[in-house]
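The primary structure of each chain is shown beneath.
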Amino acid sequence: MSAPTVFGLLRRITPGPRWGVIGIPYLWMLVFFAIPFLIVLKISFARLAIAMPPYTPILEVDNAEVALKLNLSNFLQLGALQNGYIAAYLSSLKIAAIATLLTLLVGYPMAYVIARLPPSGRNIAMMLVVLPSWTSFLIRVYAWIGILKSSGPVGRLLEKTGVIDALQSLGWIEGRQILYTPLATYIGIVYCYLPFMVLPLYTNLVKHDGRLLEAAYDLGARPWKAFLKITLPLSRAGIIAGCMLVMIPAVGEFVIPELLGGPDTLMIGRVLWNEFFANRDWPLASAVAIAMLVLLLIPILVFNRVQQRQIEGRLT
Amino acid sequence: MSVGRARWPTWIILGSGFAFLYLPVLLLMVWSFNSSRLATVWAGFSFKWYGELLRDASMLEAAWVSLRIAFWTATASVVLGTMAALVMTRMRRFPGKTLFGGLITAPLVMPDVIIGLSMLLMFVSLGDLFHFQPKGMVSIWIAHTTFALAFVAVVVSSRMAELDKSLEEAAMDLGANRIKVFFLITLPIISPALVSGWLLAFTLSLDDVVIASFVSGPSSTTLPMKVFSSVRLGLSPKINALATLMIVIVSVCAVIGWWLMYRSEQRRRLDMQLALQDNG
C-alpha cells in the first residue's frame, strides 16, 4: 500500500473532530451523572451490612452460579405509613409548592416591571436581581437567622409592632419567633430562589410585543383584563420554566430547612441526609433518593423539554 | 414592551423587591462590626471579628482548598460546557442527542442531596472495581465540574443561539474549515459568555456545601462545609465578618465584570456600525 492510501484509510477510521466534540462531554456526563443513578438504584436493593462500604453485594458469584439478590425491604420500609417517610415526601411537596407559588407572586411583578423599563435600566435592574445569587447561598440563608430570631433587633421590632401576635393568631407560628418554623423555610426558599424565577420570566416578558396591549387598550380593554387575556397567557413558557427551576430543587432542599426550619420542618432532603450521615444506612438513603427521583421525574422531563427548545432556538 | 403610564407602582414594586433582596445581607454586614459576641445588643464599632477570622488557620486553610477547587472546576467546566453547547446548537441530530440534552439540562434542577449521594456511591464503586477511588479535592472537583458544566452549557448556548450564523457560513465559503471557523470566528464572539460561564461555575463551586459533604471524605474540608458546621450551632460573629468579606469581594468583581462586558458590547456595536457604513 502506498503512503497516501494508508493515510486515507487512517483518516477514515479515526473519528473526526466532530466525534471528539460530541464524545468528550457525552462520556463525562454518562460516567459521572447517568451511571451514578444506576448505582444508586442498585444499592437501594442492597442490605445494610457492617462493612466498608456498608452494604451487601447484589450479585453473588459462587463458582459457576450467579445469584441476583434484590432486597426490597428498603422500599417496604419507605412505604410503611407509620415510619413517616410518606409524610416527609408529602410535606416536602407541600412546602415546595407553597414556596414556589410565593416566589412566583413576588417574582412576576418584578420581572414584569423590569421588562417595561428602558433598555439601560433593564440591564442594571437584572444585574441587581442576579447579584445576590453570586454571593454565597449559605450566607444568604444565614443572614435570615439573625433577622428571624426573637432576640435580634428585627425580632424585637416584630414583637413590638405586633407582627408576632398577628402571625400567632393566624396559626402560622407557635412560639414567639419566626425562626425554626415552616414560615421561616418559606421565606428562605423565596429569598434564595427568587432570581431563578425572575430570570426566565424576564427573558419571556421582554420579548412581548407592546402593540398587542395597545391594540387591546384601543379596543377598550381595561389594563387588568388586557393583562389576563394577553400578557399572562403569552408568558406561560416563562412561568413554567421559572416554577420548575424553583420547585424541583426545593423539594430536595436540605440547607434551608436545616438552618431555618427547626426540628419540626419535615423535608425529604433532611431525611436522606440523616439516613446517610447519622444512621450510615446507605441502602436506605439510596431508596429515599430513588423514590424522590420517581416523584420528580415528570417535572424534570417537562423542564428538560422546555429548556431544550429554548437552547435549540425554537421559541416556545 | 412599551413603558406604561403609571410610574409609581413600578417604583414601589422595584423598591420593595430590592429591599427584600438586599436588606438582610446589609444588616448582616453592619452587624459584623459589632464588638459584642452576642447578636442581641450593639456594643460598639470594632474590627475585632475580622482579626479573629484572619487568625483562624483552619478557616484560611479551608478557604484555600475551596478556591483551588473552584478554579479547576470553572476551567474544566468552561471547556466541557462549551463543547456541550456546540453539540446542542451547531450539530445535526445524531442518535442519542435527546439523551445528551437530558444529561445536560437535568443537573440544573436536580436536588443537591441526590447528586451528592449518587456521586459518592459512584466513587465507592470505582474503588471496588478498579481499586482506585478519587478522594478529597479530586472527587469534589469531578462532582462540581459535572453540575457546573451544565450551567456553562446553558449560558454559552444561549449566546450561540443569538449569534449570526451567516458570519460562520461566510468564513466557510471563503475556505476555512470548521475548526478554524470555531477558533477565529465563533470563539471571539462568544468569549463574553465564556467569561460569565467561568465566573458562574467558580461561584457555584465555591457555594456548594451538600455535594462536597457527601464526596469529600475526612481529608479535605471546604470553606462552605466549615461555615455550615459553625452556622448549625447558631450565630457566630466570625461568620458575619467572613460573609461581609465575601460579599464585598464578589460585588466588586461582579460590577467590574459587568462593566467590562458592557464596554466590549458597546465597542462591538460601534465596530459593526462602522463596518456597515464603510460598505455603504
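Residues numbered from 1 in each chain as written. Chains lettered and ligands numbered in written order. Predicted model: local features only at pLDDT ≥ 70, side-chain atom pairs only at ≥ 80, totals over all residues.

1. A short note on the overall build of chain A
Okay, step 1: Scanning chain A for helices and strands turns up 15 helices and 2 strands.
Okay, step 2: Computed over C-alpha atoms, the radius of gyration of chain A comes to 26 Å, more than 25% over the 20 Å expected from 2.2 N^0.38 for 316 residues, which places it beyond the range of a compact globule.
Okay, step 3: Across its three principal directions, the C-alpha atoms of chain A cover 75 × 60 × 35 Å.
Okay, step 4: Across the 316 residues in chain A, those meeting the buried criterion constitute 45%.
Okay, step 5: Pairs at least 24 apart in sequence give 70% of the contacts found in chain A among residues at least 6 apart. (Helix = DSSP H or I, 4+ residues; strand = E, 2+ residues; numbered from the N terminus. Rg over C-alpha atoms; globule rule 2.2 N^0.38 Å. Buried ≥ 20, exposed ≤ 12 C-beta atoms within 10 Å, placed from the backbone. Contact = placed C-beta atoms within 7 Å.)

2. Concerning the overall build of chain B
Okay, step 1: Secondary structure assignment for chain B yields 11 helices and 0 strands.
Okay, step 2: Dimensions along the principal axes, computed over C-alpha positions, put chain B at roughly 70 × 65 × 35 Å.
Okay, step 3: In chain B, buried positions account for 41% of the 280 residues.
Okay, step 4: Of the contacts made within chain B by residues no fewer than 6 positions apart, 76% connect residues no fewer than 24 positions apart.

3. Observations regarding helix 9 (residues 182-205) of chain A
Residues and elements named next belong to chain A.
Okay, step 1: Here helix 9 contains 24 residues, and its C-alpha end-to-end distance of 32 Å stays within 8% of the 34 Å for a straight helix at 1.5 Å per residue.
Okay, step 2: At Tyr193, helix 9 shows its strongest bend, of approximately 50°, with the proline Pro195 following within four residues.
Okay, step 3: Among the 24 residues that make up helix 9, 22 are buried, leaving the element largely enclosed by the rest of the structure. (Expected span 1.5 Å × (residues − 1). Bend = angle between axes of the 7 residues up to and from the residue.)

4. Digging into the environment of A:Ile58
Residues and elements named next belong to chain A.
Okay, step 1: Structurally, the position occupied by Ile58 is in the loop between helix 2 (17-44) and strand 1 (59-62).
Okay, step 2: Residues Ile58 and Ile178, 120 residues apart in the sequence, show an inter-C-alpha distance of 47 Å.
Okay, step 3: For Ile58, the residues in contact, after removing those within four places along its chain, are Lys42, Phe45, Ala46, Leu68, Lys69 and Leu70.

5. Quick look at the domain arrangement of chain A
Residue and element names in this part refer to chain A.
Okay, step 1: Domain boundaries assigned for chain A yield domain 1 (16-73) and domain 2 (82-311).
Okay, step 2: Computed over C-alpha atoms, the centres of domain 1 and domain 2 are 34 Å apart.
Okay, step 3: Across the boundary between the two partners, domain 1 contributes 10 residues, which contact 8 residues of domain 2.
Okay, step 4: Split into classes, the residues belonging to the side of domain 1 that touches domain 2 amount to 8 nonpolar, 1 polar and 1 charged. (Domains from an automatic or database assignment. Nonpolar A, V, L, I, M, F, W, Y, C, P; charged D, E, K, R; others polar.)

6. Overview of the nonpolar core
Okay, step 1: Judged by nonpolar contacts, the single largest core of 169 residues is most densely connected at A:Val288 and B:Leu117.
Okay, step 2: Per element, the largest residue contribution to this core is 16 residues, and it comes from helix 9 of chain A.
Okay, step 3: Discounting chain neighbours no more than four positions away, the residues touching A:Val288 are A:Leu78, A:Ile268, A:Val271, A:Leu272 and A:Glu275. (Core = buried A, V, L, I, M, F, W, Y, C linked by C-beta atoms within 7 Å.)

7. Things to note about the confidence of the model for chain B
Okay, step 1: For chain B, per-residue confidence averages 85 on the pLDDT scale, and residues scoring 70 or more make up 96% of the total.
Okay, step 2: With pTM at 0.86, the complex prediction returns an ipTM value of 0.84. (pLDDT = per-residue confidence, 0-100.)

8. Topic: the packing of helix 6 (residues 137-148) of chain A against helix 1 (residues 8-31) of chain B
Okay, step 1: Orientation of helix 6 of chain A relative to helix 1 of chain B, taken along the N-to-C sense of each, is 75°, at an axis distance of 9 Å. Classified by the angle their axes make, helix 6 of chain A and helix 1 of chain B are roughly perpendicular. Residue-level contacts link A:Arg140, A:Ala143, A:Trp144, A:Gly146 and A:Ile147 of helix 6 of chain A to B:Pro24, B:Val25, B:Leu27, B:Leu28 and B:Trp31 of helix 1 of chain B.
Okay, step 2: When its residues are assigned to classes, the contact of helix 6 of chain A with helix 1 of chain B shows 8 nonpolar, 1 polar and 1 charged. (Axes fitted to C-alpha atoms, helices over the stretch in contact; angles between N-to-C directions. Parallel < 35°, antiparallel > 145°, perpendicular 65-115°, else oblique.)

9. Observations concerning the interface of chain B and chain A
Okay, step 1: Taken together, the contact pairs 70 residues of chain B with 75 residues of chain A.
Okay, step 2: Among the secondary structure elements, those contributing two or more residues to the side of chain B that touches chain A are helix 1, helix 3 (57-90), helix 4 (97-109), helix 5 (112-130), helix 6 (136-162), helix 8 (178-207), helix 10 (223-231) and helix 11 (237-279) of chain B.
Okay, step 3: The element best represented in the side of chain B that touches chain A is helix 1 of chain B, accounting for 11 residues.
Okay, step 4: Here the side of chain B that touches chain A is composed, by residue class, of 52 nonpolar, 15 polar and 3 charged.

10. Structural notes on the environment of A:Gly252
Okay, step 1: Tracing the backbone through its elements, the reader meets A:Gly252 in the loop between helix 12 (236-251) and helix 13 (255-260).
Okay, step 2: When the C-alpha atoms of A:Gly252 and A:Leu102 are compared, they prove to be 18 Å apart, with 150 residues separating the residues in sequence.
Okay, step 3: Discounting chain neighbours no more than four positions away, the residues touching A:Gly252 are A:Ile268, A:Gly269, A:Met292, B:Pro111, B:Asp112, B:Val113 and B:Ile114.

11. A look at unusual backbone geometry
All names here are of chain A.
Okay, step 1: The backbone phi angle of Tyr180 is positive, close to 65°, even though this residue is not glycine.
Okay, step 2: As for its placement among the helices and strands, Tyr180 is situated in the loop between helix 8 (163-170) and helix 9.
Okay, step 3: Tyr180 sits in the buried class, given 21 other C-beta atoms within 10 Å.
Okay, step 4: The backbone of Arg280 sits at a positive phi, close to 50°, despite the residue not being glycine.

12. Some points on the pairing of strand 1 of chain A
All names here are of chain A.
Okay, step 1: Sheet topology note: the strand 1/strand 2 (residues 65-68) ladder contains 4 bridges and is antiparallel. Each residue of the ladder has a partner; that of Glu60, found in strand 2, is Ala67.
Okay, step 2: Hairpin remark: strand 1 followed by strand 2, antiparallel, with 2 residues in the connecting loop; positive phi at Asn63, about 50°. (Pairing = 2+ DSSP bridges.)

13. Some points on the confidence of the model for chain A
The predicted structure's coordinates, where accompanied by low pLDDT, should not be read in detail.
Okay, step 1: Overall, the prediction assigns chain A a mean pLDDT of 85, with 93% of residues at 70 or greater.
Okay, step 2: Mean pLDDT across the secondary structure elements of chain A bottoms out at helix 1 (residues 3-13) of chain A, with 63, and peaks at helix 4 (residues 85-115) of chain A, with 94.

14. Considering the environment of A:Val302
Residues and elements named next belong to chain A.
Okay, step 1: Tracing the sequence through the fold places Val302 in helix 15 (residues 282-311).
Okay, step 2: Looking at Val302, the number of C-beta atoms within 10 Å reads 15, which means it is partly exposed.
Okay, step 3: For the pair formed by Val302 and Phe37, sequence separation is 265 residues and the distance between their alpha carbons is 19 Å.

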